[in-house]
Amino acid sequence: MATHYQEYDVIVIGAGHAGCEAALASSRIGCSTLILTMNLDTIGAMSCNPAIGGLAKGQLVKEIDVLGGEMGKAIDWAGIQFRRLNTSKGPAVRSSRAQADKQKYMLYMKKVLENQSNLDLKQGMAEKILVKNNTVWGVETKIGEKIKGKMIVVSPGTFLRGLIHIGFNHFPGGRMGEAAAGGLTNSLKNMGFKIGRFKTGTCPRLDKRSINFSKLKIQYGDDPPFPFSFSTKRITQKQIPCYMTYTNPQVHQIIRNSLDRSPLYSGIIKATGVRYCPSIEDKIVKFYDKERHQIFLEPEGINTIEVYPNGLATSLPIDVQVEIVHAIEGLEKAKILRPGYGIEHDYVYPTQLKPSLETKGVENLFLAGQINGTTGYEEAAAQGLIAGINATRKIKGREPIIIDRSQGYIGVLIDDLVTKGTNEPYRMFTSRAEYRLVLREDNADLRLTEIGHKIGLVNGRKNKKILKKKEVINKELGRIRKTRVSPTEEINKKIKSWGSSIIERTVSVEELLKRPEVSYYKLMELTKYFDNKITSEVAFQVEIETKYQGYIKRQLKEIEKFRKIEEIKIPPNLEFSSVPGLSREVKEKLSAFNPVSLGQASRISGITPAAISILRVYLKSRKMKRKP
């Protein structure tokens, strides 16, 4: 007989990066939460590369952190090499990345979940989502247990009908050595969801004892390492280097000769793969003119011999993998501990979701992570956090938290998914964010901490600290604008030593700081004009705000226009077919998407500016008619 456990406010299916953030968010806000996972030993597992962050992904991790999530703190605890990317470029595209000790990361996340109040952990495979009157009420496991839940967050990673490919060998699996989840796909199909299929892959793992590191280029991290979490004071654990090598014409020829044995090129794998993180065979075919491709040898931890050759993802047969590895400089005698493989998995077309990540078709059901068509730990964690937050807000009868495109990369990610959908695994890039100069990694705390406090995931002390930081920044910006510097011999001598031209008239400190070669800390040498109590964080913000003042002002004006149209809400019960002047195609698209605002409607593919103007006038006339 099936068992009915206690009723939970929120049940989270899956304990990957999305599931962990969803469960922690809902339990910390005060809702009784269950996280249901196939294996309690793989909580927070890194299925692919042993790293957190990267271009645009670093921004996501910072935003997760200031909203009250855990990923930033976890990587600060488990990171073994930290690097800030694009430091030679403008602040809009700078991002942080860190290599992780995979085992340490998992153990950290498991400990956090196990010690979280309001949160229960349970090992079991979710087989069916239980629905009555188009509203979820629980989950049934593969062994017949029925667990009641008011809200369900589904975050199964690559486990939905996961199929692993190594050459012509293929078998079910959500990750190497772990079973696939087949029942959930059927359950979602039975609820009417449109299901698609994507493909991703991973690299072979190498034995570091068999690698000739003397032939390789060494790559050190930043010294000192720069933390992800705004609450981490400094990184204290041991840091280790990575190494670089390259493919070569011999490697490329081996791959070309083996394409007839590739499941990707023989037609066995039919799902769409990740364009921006292709397999090595994909790179050789699509970039046939390149003589070499970079391979980063990344250690998987301090106390393990496993090395991850980033850039060598493949689903070719194991004998070909061995041949490829041995043809690479420094890897001539390298031993493969685990083979690389490709994996196909199901996903739900994300346009079937509301911006809150609740499904449109079924009440109280939320989806997060790769089930929504994304790839990457950071994208998954961001969705999990928002899904967990909004599940709890629905229980409490509150409006969902929607981070819009002008507020954060999380907003860009979710809006892209639910408004535009995706025909390939979605990966975040800085180029996707229209307002990236304002949505910098360094100012995530200034942008989003107050929202985290409003949600209930950031305490009052932290929020007051950020409000004070904002106040100090604004005060300092005002001070340097008003403070004047006269062209004395002493001043000009100092300015000349900075490699800048002397001043011939009285100028403001702000004018000096706008010069590319002048930094805030150089200006502090003019002791007469500066207060040494200004922190490095404040100094950095003042410098960025001053040097990019014109660009920032322009983006803020664009954001103002964006918000005006975003604030025009569309009633959920609006019959688009009754709006005069809209074409049949536009009416059908709007009815299918059911956008929540005029802004979201404007971003739906095929909706013209003329259609938006008609809809704006119609909404305004309806509003006026309602007035007494």
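Definitions and limits used
- Residues numbered from 1 in each chain as written.
- Predicted model: local features only at pLDDT ≥ 70, side-chain atom pairs only at ≥ 80, totals over all residues.
- Heavy atoms only, no water.
- Disulfide = S-S within 2.5 Å.
- Pairing = 2+ DSSP bridges.
- Helix = DSSP H or I, 4+ residues; strand = E, 2+ residues; numbered from the N terminus.
- Axes fitted to C-alpha atoms, helices over the stretch in contact; angles between N-to-C directions.
- Core = buried A, V, L, I, M, F, W, Y, C linked by side-chain atoms within 4.5 Å.
- Buried < 20%, exposed > 50% of the residue type's maximum accessible area, 1.4 Å probe, protein only.
- Contact = heavy atoms within 4.5 Å.
- Phe/Tyr/Trp six-rings, centres within 6.5 Å; stacked < 30°, edge-to-face > 60°.

Chemist: Looking at this model, I keep getting lost on the state of the cysteines. Mind explaining?
Modeler: What is meant by a disulfide is a covalent connection between two cysteines, made through their sulfur atoms. Overall, the coordinates contain zero disulfides when judged by the stated rule. Among the cysteines around cysteine 31, which has no disulfide bond, cysteine 20 carries the closest sulfur, lying 18 Å off. Here cysteine 48 stays unpaired: no disulfide links it, and the sulfur of cysteine 203, its closest cysteine neighbor, is 5.9 Å away.

Chemist: Mind showing me how you'd approach the sheet that holds strand S16 (residues 294-299) here?
Modeler: The strands making up a sheet are joined through hydrogen bonds of the backbone, oriented either antiparallel or parallel. On the basis of which strands lie adjacent, the open sheet formed by six strands has the order S14-S15-S16-S17-S13-S18 and antiparallel pairing. With one partner strand each, in any of the chains shown, strand S14 (217-219) and strand S18 (336-338) form the two edges of the open sheet. Each neighbouring strand pair of the sheet contributes to a mean axis angle of 35°, computed without reference to strand direction. Sheet topology note: the S16/strand S17 (residues 306-310) ladder contains four bridges and is antiparallel. Within S17, the position partnered with phenylalanine 296 by the bridge is asparagine 310.

Chemist: What am I meant to see in the nonpolar core here?
Modeler: Generally speaking, soluble globular proteins have nonpolar side chains that are buried together. Ranked by internal contacts, the top residues of the largest apolar core, which has 96 residues, are Tyr105, Val153, Val154, Leu188, Leu365 and Ile410. For this core, the element with the highest residue contribution is helix H9 (residues 377-395), accounting for nine residues. Beyond its immediate chain neighbours, meaning those up to four positions away, leucine 365 contacts Ile129, Val136, Ile152, Val154, Leu188, Met191, Phe193, Leu357, Glu358 and Thr359.

Chemist: Before we go on, may I ask you to explain unusual backbone geometry in this structure?
Modeler: Note: most residues except glycine have negative phi, and most peptide bonds are trans. Residue aspartate 223 is joined to proline 224 through a cis peptide bond whose omega torsion reads 5°. Relative to the helices and strands, proline 224 is located in the loop between S14 and strand S15 (242-246). In this structure, arginine 161 takes a positive phi of about 50° despite not being glycine. One can find arginine 161 in the loop between strand S9 (146-154) and strand S10 (163-166). For arginine 161, a relative accessible area of 36% translates into the label partly exposed. Positioned with a positive phi, asparagine 364 is a non-glycine residue whose angle comes to about 70°. By the element assignment, asparagine 364 lies in the loop between strand S19 (341-348) and strand S20 (365-367).

Chemist: What's the story with the packing of aromatic side chains in this structure? I'm lost.
Modeler: Two aromatic rings, taken as a pair, are described by how far apart their centres are and by the angle between their planes. Applying the stated criterion across every chain, the model contains seven aromatic pairs. When the centroid spacing of 4.6 Å and the interplanar angle of 50° are considered together, the rings of phenylalanine 213 and tyrosine 243 count as tilted. Residue phenylalanine 213 is located in the loop between strand S13 (205-207) and S14, and its partner tyrosine 243 is located in strand S15; the two are separated by 30 residues in the primary sequence. A residue is classified by how much of its surface remains accessible, and phenylalanine 213, at 26% relative accessible area, is partly exposed.

Chemist: How should the environment of lysine 335 be read in this particular structure?
Modeler: Note that lysine 335 resides in the loop between helix H8 (318-326) and S18. Residue lysine 335 is classed as exposed on the basis of its relative accessible area of 54%. As a C-alpha pair, lysine 335 and lysine 208 span 127 residues in sequence and 8.3 Å in three-dimensional space. Apart from residues lying up to four places away in sequence, lysine 335 is in contact with Arg205, Leu206, Asp207 and Ser210.

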